[in-house]
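# Architecture and fold: a report
The residues making up each chain are set out below.
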Amino acid sequence: MQYINRILKKIFISALVLGVFTVKAQTGENVYPFLNIPVSARQAALGGDAVSVRDYDVNFAAVNPALLNAEMHKKISVNAATYLAGSKYGTINYGHAFEKGHLVTANVRYMDYGRMPRTDEAGFENGEFGAFDAAIGGGYAYQFEDEWTIGAQVNLINAKIDNYTSMAVAGNFGVSYHFKKTNETIGLVARNFGYQFKSFNGERENLPFRVDLGYTKILKKFPAAVTVTAHDLQQFDISSEYDSNGQEVKLTRKVLDHFSLGAEIFPESVFNIRLGYNVKRGNELAVVDQRSFAGLSAGFGVKFNAIRIDYSHVRYHNAGNMNMLGISLDMTGNRY
């Protein structure tokens, strides 16, 4: 009974802290949307929103710092993607474990939107301009009683559109509980709360704040790991007003749009196959009378001694999709 009381107490404290962040943080998706793009090829293949995968993969610590663990010690991962409309996206993530449950991570994220024609009010071209977003940050986590981990992360963000620049500071705070005996993990994270201290045009914009809750389980009788994520819980209605048929979106879809699903086949072997589905993306990017497969994602992972290679393909629309490649290295020289 005392053990159960301790667990309930920690859940209450964690929920209380996240509630404070939720109340104080700004909501909205007006600026720096690149912060919510999948941080790795593996996360992209699992539906794009996973916040509860707790294993060797240091990339997930950049999304939920409470997923940091000893298996991420001295692991570094580089991910690059060809994104929509010719944009280029990349991340670098590193983890380090100290004694007595103390862990740290360092992260870099970059989005290059390419070159675009500069036009005046009349539509005449006058050269070209570029745009980019970048974030660099670090995080800390503390693991206690084997099962519980809490973590926090701070990111400094810089963005530029032509000659206009902006800067902001954003934070993530998460908590995870790992059931080692049953290979289950629950992760809860508040992401991208912060403050834009330099705006593009003198008017401060909101950061893409969100609260995500995830569950991951490695199955016993079948070689697969299943991940279910409920995302954007800070706001109930995140759906478009009308569906692809022009009908008003109903309550059922508004609930389902908060979920993304992922499955990893052979999760503990040298070769993995990954599948995912993002309900909101599938609903909003569907094309009437066409089979576009919007919302689906797939990928694989393969390891060679101390190196792991991950690839994913994400279906957005017939007009544009994302391919992402990740390379991870165990700098201790051990095999994955």
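Think of each chain on its own: its residues are numbered from 1, step by step along the sequence as written. Thresholds applied to this predicted model are a pLDDT of at least 70 for local features of residues and 80 or more for the giving and counting of side-chain atom pairs; totals over whole chains, interfaces and linings are not thresholded and use all residues. Note that the side-chain values use all heavy atoms of the structure and ignore hydrogens as well as water.

## Considerations on the pairing of strand β9 (residues 224-230)
Note the cut-off: Relative accessible area decides the class of each residue, using a 1.4 Å probe on protein chains only: under 20% of the type maximum gives buried, over 50% gives exposed, and in between gives partly exposed. Runs of H or I in DSSP of at least four residues are treated as helices and runs of E of at least two as strands, each being numbered from the N terminus. At least two bridges found by DSSP between two strands are what make those strands a pair.
Burial runs high along β9: five of the seven residues are buried. Pairing analysis gives six bridges linking strand β8 (residues 210-218) to β9, with the strands arranged antiparallel. Bridge assignment links L213 to a residue of β9, and that residue is A230. Hairpin connection between β8 and β9: a loop of five residues separates the two successive antiparallel strands.

## Remarks on the packing of aromatic side chains
We apply this condition: Note on ring pairs: Phe, Tyr and Trp rings are taken, using the six-membered ring of Trp, and paired if centres are within 6.5 Å. Classes follow the plane angle, with under 30 degrees stacked, over 60 edge-to-face and the rest tilted.
All told, the structure shown has seven aromatic pairs when counted by the stated rule. Here the aromatic rings of F300 and Y311 are separated by 5.8 Å at their centres, their planes lie at 40°, and the arrangement is tilted. Pair noted here: F300 is in strand β12 (residues 296-304) and Y311 is in strand β13 (residues 307-317), with a separation of eleven residues, a long-range link. Look at Y311 and you get partly exposed, because its relative accessible area is 27%. Among the aromatic residues, ring-to-ring pairing joins W148, Y177 and F179 into one connected group.

## Some remarks on unusual backbone geometry
The phi dihedral of D146 is positive, around 70°, even though this residue is not glycine. For D146, the location among the structural elements is in the loop between β4 (125-144) and β5 (148-161). Residues other than glycine seldom take positive phi values, yet D232 does so here, at roughly 55°. As for its placement among the helices and strands, D232 is situated in the loop between β9 and α3 (251-256). The exposure class of D232 is buried, given its relative accessible area of 8%.

## Comments concerning empty space enclosed by the protein
What counts, and what does not: Computed over the protein atoms alone on a 1 Å grid, cavities are sets of points where a 1.4 Å probe fits but cannot get out and pockets are open sets with protein on both sides within 12 Å along at least five of seven lines; a residue lines them when it has an atom within 4 Å of a point. Grid points are joined across faces, edges and corners, and a volume is the space filled by probe spheres set on the points. Basically, the charged four are Asp, Glu, Lys and Arg, the nonpolar ten are Ala, Val, Leu, Ile, Met, Phe, Trp, Tyr, Cys and Pro, and anything else, Gly included, counts as polar.
Here the structure, examined in full by the defined rule, presents two cavities of 30 Å³ or more. Of the volumes computed, that of the largest cavity is approximately 110 Å³. Lining of the largest cavity is provided by 14 residues; of these, L35, A62, R109, Q153 and N155 occupy positions nearest its centre. A per-element tally of the lining of the largest cavity places strand β3 (residues 102-119) first, with three residues. Class assignment of the residues belonging to the lining of the largest cavity gives a composition of six nonpolar, six polar and two charged.

## Some details on the nonpolar core
How we decide: Only buried Ala, Val, Leu, Ile, Met, Phe, Trp, Tyr and Cys residues count toward a nonpolar core, and they belong to the same one when joined by side-chain atoms within 4.5 Å. Whether two residues are in contact is decided by their heavy atoms, any of which lying within 4.5 Å being enough.
One finds Y32, F34, I157, M322 and M324 to be the most contacted residues of the largest nonpolar core, which totals 22 residues. Mapped by element, the contributors of at least two residues to this core are α2 (41-45), β5, β6 (164-179), β13 and β14 (320-330). Apart from residues lying up to four places away in sequence, M322 is in contact with P38, A44, A81, T82, Y83, S312, H313, V314 and Y316. With seven residues, the next largest nonpolar core counts L68, M72, L103 and A141 among its residues.

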